[in-house]
Amino acid sequence: MGKILVCRCEDVTLHELEEAIERGHDDLESLKRYTGFGTGWCQGKSCVALCAHLLRKNGGAADFPITPRPPLHPLPLRDLAGLADVADDDIAKGRPPQ
């Protein structure tokens, strides 16, 4: 049997989630912190429902949502550094970005 990915962003497998639940991680936040699911670029949009279903199926609690980490959407590094205006000005004046 091959590797069954539940969280494609962070490469978390079904086997890893089941093992984490067996070790006592019986709520979504604890499971996320142990395995890393939901911490990739999609912030759990594609995997949190699968993980919650698996957790409930195995007797865990999935009543509370996971805590997302900003930014929720991918951003250019220049925006995070506050250099977006400088880069736009360089482009407008035909200068290479610095």
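A brief report on the enclosed structure follows. Computed from a predicted structure; not experimentally measured. (Residues numbered from 1 in each chain as written. Predicted model: local features only at pLDDT ≥ 70, side-chain atom pairs only at ≥ 80, totals over all residues. Heavy atoms only, no water.)

With that settled, the discussion passes to the environment of Ala52. Within the element layout of this structure, Ala52 appears in helix α3 (residues 48–57). The class of Ala52 is buried, set by a relative accessible area of 18%. Considered as a pair, Ala52 and Asp27 are 25 residues apart in the sequence and their alpha carbons are 8.5 Å apart. Ala52 has contacts with Leu28 and Ala62, leaving out every residue within four places of it along the chain. (Helix = DSSP H or I, 4+ residues; strand = E, 2+ residues; numbered from the N terminus. Buried < 20%, exposed > 50% of the residue type's maximum accessible area, 1.4 Å probe, protein only. Contact = heavy atoms within 4.5 Å.)

A word on the packing of helix α1 (residues 14–22) against helix α2 (residues 28–35). Running from amino to carboxyl end, α1 crosses α2 at an angle of 120°, the nearest separation of the two axes being 10 Å. By the criterion of interaxial angle, the relationship of α1 to α2 is oblique. The crossing of α1 and α2 is right-handed. Where α1 abuts α2, its residues Glu16, Leu17, Ala20 and Ile21 lie against Leu31, Tyr34 and Thr35. (Axes fitted to C-alpha atoms, helices over the stretch in contact; angles between N-to-C directions. Parallel < 35°, antiparallel > 145°, perpendicular 65-115°, else oblique. Left-handed = near helix turned anticlockwise from the far one by under 90°.)

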